[in-house]
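Notes for the structure review
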Amino acid sequence: MRFIKVLGLVIVFFLTMVFFQQNTAELSQTITLKFDLLFQSWSTIPLPIYFLILGAFALGAMVVILFFFVERIRLGAAVRKARKQSKKLEKEVNALRTQPLEASEPLAVEAVSAESEKAE
């Protein structure tokens, strides 16, 4: 499985390098991003397109890392809760094992054998 993941990453890396190499002139062109909101207007300095692509990739990677970090915390809490419940149930089982058996009712096997002795 690890081999397939590494192979997939190598293929993605190779295709990305081919894309950037074949489109160097187009990706080097600069653009200015603008944001107009009612009475306020913002604009960036002229940025090459490849910078925006790499920035979007980095932002996406940070969002994914944040998502996985939150998921890791949630799963860790679930594991702690399960371990706590497991310890509680183990204590209960151990307590039941050490309790003496109370013979308040005769076992069904003993009752059947006693009835068969009376019948003879």
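Residues numbered from 1 in each chain as written. Predicted model: local features only at pLDDT ≥ 70, side-chain atom pairs only at ≥ 80, totals over all residues. Heavy atoms only, no water.

Topic: the overall build of the chain
When helices and strands are tallied, the chain shows four helices and four strands. When the helices and strands of the chain are placed in sequence order, the string is α-α-β-β-β-β-α-α. The proportion of buried residues among the 120 residues of the chain is 2%. Considering only contacts within the chain whose residues lie at least 6 apart along the sequence, 11% involve residues at least 24 apart. Accessible area of the chain: about 11800 Å², with a carbon and sulfur share of 68%. (Helix = DSSP H or I, 4+ residues; strand = E, 2+ residues; numbered from the N terminus. Buried < 20%, exposed > 50% of the residue type's maximum accessible area, 1.4 Å probe, protein only. Contact = heavy atoms within 4.5 Å. Areas by Shrake-Rupley, 256 points an atom, 1.4 Å probe, with all protein chains shown as cover.)

Examining the pattern of salt bridges
Per the counting criterion, the structure on display carries one salt bridge. Salt-bridge contacts for Glu71 lead to Arg74; the nearest nitrogen and oxygen are separated by 2.6 Å. Highlighted residues: Glu71 and Arg74, both in helix H3 (residues 49-98), separated by three residues, approximately one helical turn. The class of Glu71 is partly exposed, set by a relative accessible area of 25%. (Salt bridge = Lys/Arg side-chain N within 4 Å of Asp/Glu carboxyl O.)

A few points about helix H1 (residues 2-22)
In a regular helix each residue adds 1.5 Å, so 21 residues correspond to 30 Å; H1 covers 30 Å between its end C-alpha atoms and thus fits that length. The buried count for H1 comes to zero of 21 residues, which makes it a mostly uncovered element. (Expected span 1.5 Å × (residues − 1).)

Here we look at the confidence of the model for the chain
Averaged over all residues, the pLDDT of the chain equals 86, while 85% of them reach at least 70. Across the chain, the secondary-structure element scoring lowest on mean pLDDT is helix H4 (residues 108-119), at 57, and the one scoring highest is H3, at 94. (pLDDT = per-residue confidence, 0-100.)

Brief notes about the packing of aromatic side chains
Per the stated rule, a full pass over the model turns up three aromatic pairs. Their ring planes at 75 degrees and their centres at 5.7 Å tell us that Phe19 and Phe20 sit as a pair that is edge-to-face. The class of Phe19 is partly exposed, set by a relative accessible area of 40%. Consider the rings of Phe35 and Trp42, whose centres lie 5.7 Å apart with planes at 20 degrees: the pair is stacked. Look at Phe35 and you get partly exposed, because its relative accessible area is 47%. (Phe/Tyr/Trp six-rings, centres within 6.5 Å; stacked < 30°, edge-to-face > 60°.)

Section: the pairing of strand S2 (residues 34-37)
The pairing of S2 with strand S3 (residues 40-43) spans four bridges and is antiparallel. In the strand pairing of S3, Leu37 is matched with Gln40. As consecutive antiparallel partners, S2 and S3 are separated by two residues, and within that stretch Leu38 has a phi angle of approximately 50 degrees, a positive value. (Pairing = 2+ DSSP bridges.)

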